[in-house]
Amino acid sequence: MTGPAGWPTAPVTIGTSGLGELGPDGDPSQPPTRAEVDLAVGMLTSPHGLVDTSNMYARGRSEAALGAAIGELGGVPEGTLVLSKADRDLETGAFDRDRVWRSFEESTARLGLDRLPLYQLHDPYTVTFEQAMASGGAVQGLTELREQGLIDLVGVAAGPSDLLARYVRTGVFDVLLSHNRYTLVDSSAGPLMQEAAERGLTVLNAAPFGGGLLANGSTNTTRYGYRAAPPELLTWVSRLRELCAEHGVSTGAAALRFSMRSPAVRSTVVGISSLARLAELDQLLAEQVPPQLWDDVAELGTPPSTLTD
């Protein structure tokens, strides 16, 4: 597998939405805890090579924990890249050119880095597509960062495929990140991912476990993609778990491999919330998933996803 110039080969990207909490007394400005920094060190020194964060994850504490870890390690480890995302102003919802620049400055200050290999337009739901693409809009901010050499690549990261398709077809973006729309439960983003790959974009698929429903040992047994799962979906997933057990493979391993086996997907973003989950990731990757499983899953019929976009 090849990637953009200078990118490591990384079938799996470490996602950091679960890194960092709001801090003591709910104050996001408090320094990261020792446990958060230790987890960040584990993420940065894992063999997977790509670590994806965001300006808004834990209101900035995800980036702050990574920054503290980078400081302790004396820099980003060789062969590892830290990716981040531009986010709206969480107080006002503003998401224009100036906000993208402020977001970038906040991100790099927390991370202790001067530049980033990838900065992504993240969940642009408080502005219309037209506003984002207009003069003075968020996309202008991203392209300026790229033109000035402060970022290498411009990406767009969101959920709804119809919205993502509009951005992909502008020809502006280098990277597409789709979440919760290419899993064992919902593969609706498949055609868009294929189109994006054919257009030359690098495709990242995030949330292969659908927010936890398909993960091993998850406490989330009733929600998919941040929404309550209907009884018929839970019944389908129960049948899936039984089928995986018959084949001697965990549901989590099957969910991860489903994403990784797509020729359009360059890397699968797996959210990690603890060192135990980080260790489990390598166990999932080591599991052998028999080819017959995919035929048997197809016989279960189309799962009733909660996402309609």
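Here the structure is shown first, and the text comes after it.
Quick caveat: nothing in here was measured; it's all calculated off a predicted structure.

### Focus: the overall build of the chain
- Looking only at helices and strands, the chain has 11 helices and 10 strands in total.
- Relative to the compact-globule value of 19 Å for 309 residues, the chain shows a C-alpha radius of gyration of 19 Å, a close match.
- Taking the principal axes of its C-alpha atoms as reference, the chain extends roughly 55 × 45 × 40 Å.
- Burial statistics for the chain: of 309 residues in total, 54% are counted as buried.
- Within the chain, residue pairs in contact and separated by at least 24 positions form 76% of the contacts whose partners lie at least 6 positions apart.

### Structural notes on the packing of helix 3 (residues 97–111) against helix 5 (residues 138–147)
- Between helix 3 and helix 5, the shortest axis-to-axis distance is 6 Å and the interhelical angle comes to 45°. The orientation of helix 3 with respect to helix 5, classified from their angle, is oblique. Taken as a pair, helix 3 and helix 5 cross one another with a handedness that is right-handed. Contact residues: helix 3 offers R97, V100, W101 and F104, while helix 5 offers A138, Q140, G141, L142, E144 and L145.
- Of the residues in the contact of helix 3 with helix 5, the class split is 6 nonpolar, 2 polar and 2 charged.

### A look at the pattern of salt bridges
- All chains considered together, the criterion is met by 16 salt bridges.
- One salt bridge connects E36 with R61, and the closest N-O pair in it is separated by 2.7 Å. In this pair, E36 sits in helix 1 (residues 34–44) while R61 sits in helix 2 (residues 61–73), placing the two residues 25 residues apart along the sequence.
- Residue classification places E36 among the buried residues on the basis of a relative accessible area of 9%.
- Residue R110 pairs with E63 through a salt bridge whose shortest N-O separation is 2.6 Å. With a gap of 47 residues between them, R110 in helix 3 and E63 in helix 2 connect regions that are remote in the sequence.
- Residue E63 is classed as buried on the basis of its relative accessible area of 0%.
- Here the salt bridges share partners, and the residues they tie into one network are E63, R99, E106 and R110.

### Considerations on the environment of E280
- Mapped onto the elements, E280 comes out in helix 10 (residues 275–286).
- E280 gets classed as buried once you look at its relative accessible area, which sits at 17%.
- Remark: the alpha-carbon pair of E280 and N216, spanning 64 residues in sequence, is separated by 9.2 Å.
- A distance of 2.6 Å separates the side chain of E280 from the side chain of R277, its partner in a polar contact.

### Looking at helix 3
- In a regular helix each residue adds 1.5 Å, so 15 residues correspond to 21 Å; helix 3 covers 21 Å between its end C-alpha atoms and thus fits that length.
- Taken together, the buried positions of helix 3 are occupied by R99, V100, W101, S103, F104, S107, T108 and L111.
- Contacts made by the buried residues of helix 3 are with helix 2, strand 3 (81–86), strand 4 (116–122), helix 5 and strand 5 (151–158).
- Residue D96 occupies the N-cap position of helix 3, its side-chain oxygen lying 3.3 Å from the main-chain nitrogen of D98.
- Just downstream of helix 3, G112 is the residue with a positive phi angle, here 75°.

### Remarks on the packing of aromatic side chains
- In total, this model carries 5 aromatic pairs according to the counting rule given.
- Ring plane angle 80° and centroid distance 5.5 Å describe the contact between F104 and Y119, whose orientation is recorded as edge-to-face. Of this pair, F104 sits in helix 3 while Y119 sits in strand 4; the two residues are 15 residues apart in sequence, bridging distant segments of the chain.
- Of the residues examined, Y119 reaches a relative accessible area of 0% and is grouped as buried.
- Plain terms: the ring middles of Y182 and F258 are 4.9 Å apart, the flat faces sit at 25° to each other, and that makes the pair stacked. One end of the pair, Y182, is in the loop between strand 6 (175–179) and helix 7 (190–198); the other, F258, is in helix 9 (residues 251–260), with 76 residues separating them in the sequence.
- By relative accessible area, Y182 is classed as buried at 13%.

Basis of the calculations
- Residues numbered from 1 in each chain as written.
- Predicted model: local features only at pLDDT ≥ 70, side-chain atom pairs only at ≥ 80, totals over all residues.
- Heavy atoms only, no water.
- Helix = DSSP H or I, 4+ residues; strand = E, 2+ residues; numbered from the N terminus.
- Rg over C-alpha atoms; globule rule 2.2 N^0.38 Å.
- Buried < 20%, exposed > 50% of the residue type's maximum accessible area, 1.4 Å probe, protein only.
- Contact = heavy atoms within 4.5 Å.
- Axes fitted to C-alpha atoms, helices over the stretch in contact; angles between N-to-C directions.
- Parallel < 35°, antiparallel > 145°, perpendicular 65-115°, else oblique.
- Left-handed = near helix turned anticlockwise from the far one by under 90°.
- Nonpolar A, V, L, I, M, F, W, Y, C, P; charged D, E, K, R; others polar.
- Salt bridge = Lys/Arg side-chain N within 4 Å of Asp/Glu carboxyl O.
- Polar contact = N/O pair within 3.5 Å; in protein donor to acceptor, adjacent residues only side chain to side chain.
- Expected span 1.5 Å × (residues − 1).
- Phe/Tyr/Trp six-rings, centres within 6.5 Å; stacked < 30°, edge-to-face > 60°.

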